[in-house]
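One letter stands for each residue in the lines below.
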Amino acid sequence: MRIGIDVGGTNTDAVLMDGRRVVAWAKSPTTPDVTGGMLAALRALLAQAPDVTPARDISAVMIGTTHFTNAVVERKRLAPTAAVRLGAPATAALPPMVDWPDDLRAAIGGRGYLIEGGHEFDGREINPLDEKRLRELARQLTDEGIEAVSVTGVFSPVTPAHEERAAAILRDAAPGLHVTQSHEIGRVGLLERENATILNSSLVRLAGQMTQALRDALAGMQLTCPFYLSQNDGTLMNAEYAARFPVLTFSSGPTNSMRGAAFLSDVKEGIVVDIGGTTSDVGMLRHGFPREAGASVEVGGVRTNFRMPDVYSFGLGGGSLIRREPELSIGPDSVGYRLTEQALVFGGETLTASDIAVAAGLAVMGDPARVAHLDRVFAGQAVQRMRTMLETAIDRMKLAADPVPVVLVGGGHVLVGDQLAGASVVLRPANCQVANAIGAAIAQVGGEIERVYDLSAMSRTAALDAARQEAVDRARAAGAAPSSIEIVEVEEVPLTYLPSNATRIHVKAVGDLAA
């Protein structure tokens, strides 16, 4: 058996699965410390399965969390970080963090350093690595109390040698430093890859604290099995890997919902709408996985280029505030996790989207008598407004005018009826309320590679074979059972703007978690 947990902004969901069967599920309000809400959900979950002995019957726990995204968005709990770029004298016109919001740059100390090194796309050095300067910098950072360093080399995803050497020098000169190398995180584009690496470095201290807190909390529940964190591409990473690369958890919540929706509905190509307590996330399924964003993605006001699902989020959820004056408005503010205290149907004084759904006969929750006074015409107008918001989001995510299957999941799936413009069919599969936790529980292990190959030195077939093999090797190293690994995505883009026959190849492999 497996347990899947999704820590959202409003609720923490937990589900117990035996193979493909959902045995039990539970929801609990999210708490600021994450572990409090998670433990409450686990206790409620295991209370429904008294025959289950956690230490004996549970083989793995999979967790999705927004904790690290929230830290960046809120500019809190971030470690002072030094950004080291290997590329001088090139790239000096755009120094590290040049396009960051002032408050986020200040939150991590705003230290950027340009050092000689880096490569051209074909492996030629821009300049030899300045090892002396790196040793001096390590001592300087130690004296200033800096704990985290990001190292970004020009074209390091193609030739990582200078990044690897620089990381070794920094760790040797200052053993306490946490060093993140950009070729392990981002894609070829320099500034976006550097931004993602800096964000990761600033989160490493928090990640260490977080994974230890999760480990202690699970042990307290007699859950001594391995635990994993879900990544933003729908695959898993173990706790040790998550502590090194917390940035890979960004957007894992919407990804879990979409993977869970595909599993529950058996829809592999279509739209998923996850309506939570405060926001709705809309994304498109491609081969059962979320479609990835093709361009840079902003996180906390910073452009990044690592893998992220293409998701459109907007302020509509079960706790969204409904206002009648001066005109009808819905959200984006919400009562959030206080829905069961403040909504009218639960005895509160605040009119929410959930109250409208009950008044319109779309949902059954709380005490319907407390919304019987609402004008039917007004309730109908509010439902139509919510439907229009969803239809606009669906239309925004579609790539063609043809109608597609739409899968509604999340606790707010009751806010609209069974007809939506642009949908060939509207589905609400069983257990859709906890699709996010189910998505975490069924997650597979993945390996991914993106690299520029010089086809003047090798054939295209050899380049594709090398990329496929490296993706498979990475999936196996991450814990996938070798017999289950398959290639799910291959993308090849000729780089005609480079002065040789170069091509960028991206390959993704996934497999089931090895027993």
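Residues numbered from 1 in each chain as written. Predicted model: local features only at pLDDT ≥ 70, side-chain atom pairs only at ≥ 80, totals over all residues. Heavy atoms only, no water.

Draft legend 1. Focus on the layout of surface pockets. A volume near 690 Å³ is recorded for the second largest pocket. Lining the second largest pocket are 30 residues, with Glu-184, Tyr-241, Arg-307, Glu-448 and Arg-474 sitting closest to its centre. Going through the elements one at a time, strand 10 (235-238), helix 8 (239-244), strand 21 (444-454) and helix 14 (460-477) are the ones with two or more residues in the lining of the second largest pocket. Take the lining of the second largest pocket: its biggest share by element is six residues, from strand 21. Grouping the amino acids of the lining of the second largest pocket by side-chain chemistry returns twelve nonpolar, nine polar and nine charged. (1 Å grid on protein atoms, 1.4 Å probe; cavity = no way out; pocket = protein on both sides within 12 Å on 5 of 7 lines; lining within 4 Å. Points joined across faces, edges and corners; volume = space filled by probe spheres on them. Helix = DSSP H or I, 4+ residues; strand = E, 2+ residues; numbered from the N terminus. Nonpolar A, V, L, I, M, F, W, Y, C, P; charged D, E, K, R; others polar.)

Draft legend 2. A look at the pairing of strand 3 (residues 21-29). Here strand 2 (residues 11-18) runs beside strand 3; their pairing, made up of eight bridges, is antiparallel. Considered in strand 3, the bridge of Asp-13 is made with Lys-27. Hairpin remark: strand 2 followed by strand 3, antiparallel, with two residues in the connecting loop; positive phi at Gly-19, about 65 degrees. (Pairing = 2+ DSSP bridges.)

Draft legend 3. The arrangement of helix 9 (residues 252-265) in detail. Look at helix 9: 20 Å from first C-alpha to last across 14 residues, which is about the 20 Å you get at 1.5 Å a residue. Judged by how many residues are buried, helix 9 sits mostly within the fold: 14 of 14 residues are covered. A positive backbone phi angle near 65 degrees is found at Asp-266, which sits one or two residues after helix 9. (Expected span 1.5 Å × (residues − 1). Buried < 20%, exposed > 50% of the residue type's maximum accessible area, 1.4 Å probe, protein only.)

Draft legend 4. Unusual backbone geometry, seen in detail. In this structure, Pro-89 follows Ala-88 across a cis peptide bond, with omega equal to 5 degrees. Here the amide bond leading from Gly-331 into Pro-332 is cis, since omega sits at 0 degrees, within 30 degrees of zero. Note on placement: Pro-332 falls in strand 18 (residues 329-334). The backbone of Ser-251 shows a phi angle near 65 degrees, a positive value even though the residue is not glycine. Relative to the assigned elements, Ser-251 resides in the loop between helix 8 and helix 9.

Draft legend 5. A look at empty space enclosed by the protein. Taken as a whole, this structure holds one cavity of 30 Å³ or more when the rule is applied. For the largest cavity, the calculated volume is near 30 Å³. In terms of lining residues, the largest cavity is bounded by Asn-232, Asp-233, Pro-290, Glu-292, Pro-309 and Lys-508.

Draft legend 6. Region of interest: the pairing of strand 1 (residues 2-7). Burial analysis of strand 1 places five of its six residues in the buried class, the great majority of the element. Note: strand 1 against strand 4 (residues 60-65), six bridges, orientation parallel. The residue bridging Asp-6 from the neighbouring strand is Gly-64, located in strand 4. When strand 1 meets strand 2, the two strands line up antiparallel, connected through six bridges. Within strand 2, the position partnered with Asp-6 by the bridge is Asp-13. The turn linking strand 1 back onto strand 2 is made up of three residues.

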